[in-house]
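# Structural characterization, general
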Amino acid sequence: MPVRVAVIPAAGLGTRFLPATKVVPKELLPVFDTPSLQHTVDEALGAGIDHIVLVSNRAKPAIETFAEKASGGARITVVYQDAPRGLGHAVECAREQVGDASFAVMLPDELMGDSTHLRDLIADHDATGTATIGLKRVPRNEVSAYGCITPQGVPDATGRVGIRDVVEKPNAVDAPSDLVIIGRYVFGRDVFGHLANLKPAAGGELQLSDAIGNMARTGKVNGVLISCSRHDTGTPLGMLTASIDAALRRKDVSTQLRSWLERRLTS
Ligand code: UTP
């Protein structure tokens, strides 16, 4: 059955963007002139999603306003996470809205160039029936910022690889590989059983990566390497570079921006 539902967790505190997030949720900060959450919604629509479940927090009413006014024609339902108890818990909060169908999970602080990667994950899930997780290869000294997988062998020519286990934010020396999870997932309803059994990890959060690790150890989980461009907008620097990149692609401002950057960098 085609995947039609996407869960977008947006209930976090956004502490890395303080003081901006005292007044604006991180997910609504603009990438150039468009809220980053709108980019996620557009990516979902481009992959055939027609119902988005936004997991929010009652201290972020602007997320509800976004849900009412978002462009593109998606049906958006807002559900609430009582406190930011981790990504695994946030996804669990969407259980009732998701129902029995397979669904995507999309972290809005990952900006993909287009819908290609999500479409690839959905196609893999459709073909195999397994949970399918987006991956990328990073330099070893960057793995500690991510969930890192133990692969079953090397990725094939299409970037597909089985996942044997997952460890959250390992030290570079202990990391099982240089393949990390990048915030796009497709799950069947069985993930909710694993989420319900999660125990708090170090820091007290219920981690989605622990649920994926449990699924991988007891069944089958696939990974697919991303082939399109991507920005991590979860940090102010990542958001700035994503904005510059977006503006450089825009015909109406790119010439002016390019010449300002050239002057700025040589003065
Ligand atoms: P992050 O960990 O990047 O977001 O979670 P954060 O916690 O808001 O950021 P910092 O670390 O304080 O700066 C990735 C996504 O998951 C959501 C966040 O809103 C973000 O979109 N999230 C995270 C939840 O919805 N609930 C949680 O308990 C944790």
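Parameters at a glance
Residues numbered from 1 in each chain as written. Predicted model: local features only at pLDDT ≥ 70, side-chain atom pairs only at ≥ 80, totals over all residues. Heavy atoms only, no water. Axes fitted to C-alpha atoms, helices over the stretch in contact; angles between N-to-C directions. Helix = DSSP H or I, 4+ residues; strand = E, 2+ residues; numbered from the N terminus. Parallel < 35°, antiparallel > 145°, perpendicular 65-115°, else oblique. Contact = heavy atoms within 4.5 Å. Nonpolar A, V, L, I, M, F, W, Y, C, P; charged D, E, K, R; others polar. Phe/Tyr/Trp six-rings, centres within 6.5 Å; stacked < 30°, edge-to-face > 60°. Buried < 20%, exposed > 50% of the residue type's maximum accessible area, 1.4 Å probe, protein only. Lys NZ or Arg CZ within 6 Å of the ring centre and 35° of its normal. Near = heavy atom within 4 Å. Polar contact = N/O pair within 3.5 Å; in protein donor to acceptor, adjacent residues only side chain to side chain. Areas by Shrake-Rupley, 256 points an atom, 1.4 Å probe, with all protein chains shown as cover. Expected span 1.5 Å × (residues − 1). Pairing = 2+ DSSP bridges.

Viewed as axis vectors pointing N to C, helix H8 (residues 236-248) and helix H9 (residues 254-266) meet at an angle of 125°, and their least axial separation amounts to 8 Å. Judged by the inter-axis angle, H8 sits oblique to H9. In contact with Ile-244, Ala-247 and Leu-248 of H8, H9 contributes Ser-254, Leu-257, Arg-258 and Leu-261. Among the residues making up the contact of H8 with H9, the classes are represented as five nonpolar, one polar and one charged.

Summed over all chains, the structure comprises three aromatic pairs. Plain terms: the ring middles of Phe-103 and Phe-187 are 6.0 Å apart, the flat faces sit at 50° to each other, and that makes the pair tilted. One end of the pair, Phe-103, is in strand S6 (residues 103-106); the other, Phe-187, is in strand S11 (residues 179-187), and 84 residues separate them in sequence. For Phe-187, a relative accessible area of 0% corresponds to the buried category. Stacked on the ring of Tyr-80, the Lys or Arg Arg-58 has its end atom at 3.8 Å from the ring centre.

Bringing the site of the ligand into the picture now. Not every one of the 18 residues close to the ligand is listed here, only the nearest: Gly-12, Thr-15, Glu-27, Gln-81 and Gly-86. One of the backbone nitrogen or oxygen atoms of Gly-86 is found 2.7 Å away from an oxygen atom of the ligand. In isolation the ligand exposes 570 Å². Once the protein is present, 84% of that is buried.

Spanning 13 residues, H8 covers 18 Å between terminal C-alpha atoms, matching the ideal 18 Å at 1.5 Å per step. Those residues of H8 hidden inside the fold are in contact with strand S2 (30-31), helix H1 (36-46), strand S7 (110-112), strand S13 (230-232) and H9.

This next bit is on the side chain of Thr-77. Counting through the fold element by element, Thr-77 comes out in strand S5 (residues 75-80). At 2.6 Å, the side chain of Thr-77 and the side chain of His-51 are in polar contact. Residues within four places of Thr-77 in sequence aside, it is in contact with His-51, Ile-52, Val-53, Leu-54 and Gln-97.

So, about the pairing of strand S4 (residues 51-56). Counting buried residues in S4 gives six out of six residues, a clear majority hidden from the surface. Direction of pairing for strand S1 (residues 5-9) relative to S4: parallel, over a ladder of five bridges. What sits directly across from Val-5, in S4, is His-51. Relative to S5, S4 runs parallel, the two sharing six bridges. Residue pairing for S5: Val-53 is matched across the bridge by Thr-77.

Time to look at unusual backbone geometry. Of note, the bond from Leu-18 into Pro-19 is cis; its omega dihedral lies within 30 degrees of zero at 5°. Tracing the backbone shows Pro-19 in the loop between S1 and S2. One non-glycine residue, Phe-32, lies in positive phi territory at about 55°. Summarising the element assignment, Phe-32 is placed in the loop between S2 and strand S3 (34-35). Judged by relative accessible area, which is 32%, Phe-32 ranks as partly exposed. In this model, Lys-169 sits at a positive phi of 45°, which is unusual for a non-glycine residue. Within the secondary structure layout, Lys-169 lies in the loop between strand S10 (160-168) and S11.

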